[in-house]
Amino acid sequence: ANLDAMLFREAVKDVFFGMILARDEYRLVSGGTPMHRDALMYYIDAWTRSITPFAPHFSEHVWSRMLKRGSTVTSSGYPEARAIDNALLL
């Protein structure tokens, strides 16, 4: 919403800090259990796509080196939110 309204500072804060807070919340709720690999890879993928408009070179590095994707992150599109699985909620 902030990106659509061209509120770039707020959008950067939402993406960068919002995703970090979501990760930290996941860690808290999981009781210190290490993040599941699939959840971690989904998180890195979504975070990388989300931060691309603000840090394209960094995003491409993460996309190609860490995630080992063949295409460019800029051609991958913005991440779509998944439906909430209420069975997983505490």
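We now turn to the structure provided with this report. Residues take numbers from 1 onward in each chain, read along the sequence in its written order. Owing to the predicted nature of the model, reporting of local features is limited to residues with pLDDT of at least 70; listing and counting of side-chain atom pairs is limited to 80 or more, with chain, interface and lining totals taken over all residues. Side-chain metrics rest on all non-hydrogen atoms present in the structure, leaving aside hydrogens and water.

## Considering helix H1 (residues 8-29)
Helix length check: H1, at 22 residues, gives a terminal C-alpha distance of 30 Å against a target of 32 Å (1.5 Å per residue), a fit within 8%. Fitting axes to the seven residues ending at a residue and to the seven starting there, one defines the bend at that residue as the angle between these axes. Counting from the N terminus, the helices are the DSSP runs of H or I reaching at least four residues and the strands are the DSSP runs of E reaching at least two. When the local axis directions of H1 are compared, the greatest deviation, roughly 25°, occurs at Gly18. A 1.4 Å probe rolled over the protein chains alone gives each residue an accessible area, and that area as a share of the maximum for its type sets the label: buried under 20%, exposed over 50%, partly exposed in between. All of the buried residues along H1 are Ala11, Val15 and Met19. Among the structural elements, helix H2 (37-51) are those in contact with the buried residues of H1. Just beyond H1, the residue with positive phi is Gly31, at close to 70°. Expected helix span is given by 1.5 Å per residue-to-residue step, counting one fewer step than there are residues. The contact criterion used throughout is that any non-hydrogen atoms of two residues lie within 4.5 Å.

## Thoughts on the packing of aromatic side chains
What counts as a ring pair is set by centres within 6.5 Å for rings of Phe, Tyr and Trp (its six-membered ring), and what kind of pair is set by the plane angle: stacked under 30 degrees, edge-to-face over 60, tilted for all other angles. Per the counting criterion, the structure on display carries three aromatic pairs. On the numbers, 5.1 Å between centres and 90° between planes, the contact of Phe16 with Phe17 is edge-to-face. With a relative accessible area of 32%, Phe16 lands in the partly exposed category. According to the relative accessible area criterion, Phe17 is partly exposed, its value standing at 46%. Measuring from centroid to centroid gives 5.8 Å for Phe16 and Trp47, while their planes differ by 50°, and the two rings are tilted. Note that Phe16 is positioned in helix H1 and Trp47 in helix H2, a separation of 31 residues in sequence. The rule is short: NZ of Lys or CZ of Arg within 6 Å of the ring centre and within 35 degrees of the ring normal puts a charge over the ring. When the ring centre of Trp63 is taken as reference, the NZ or CZ atom of Arg69 above it lies at 5.1 Å.

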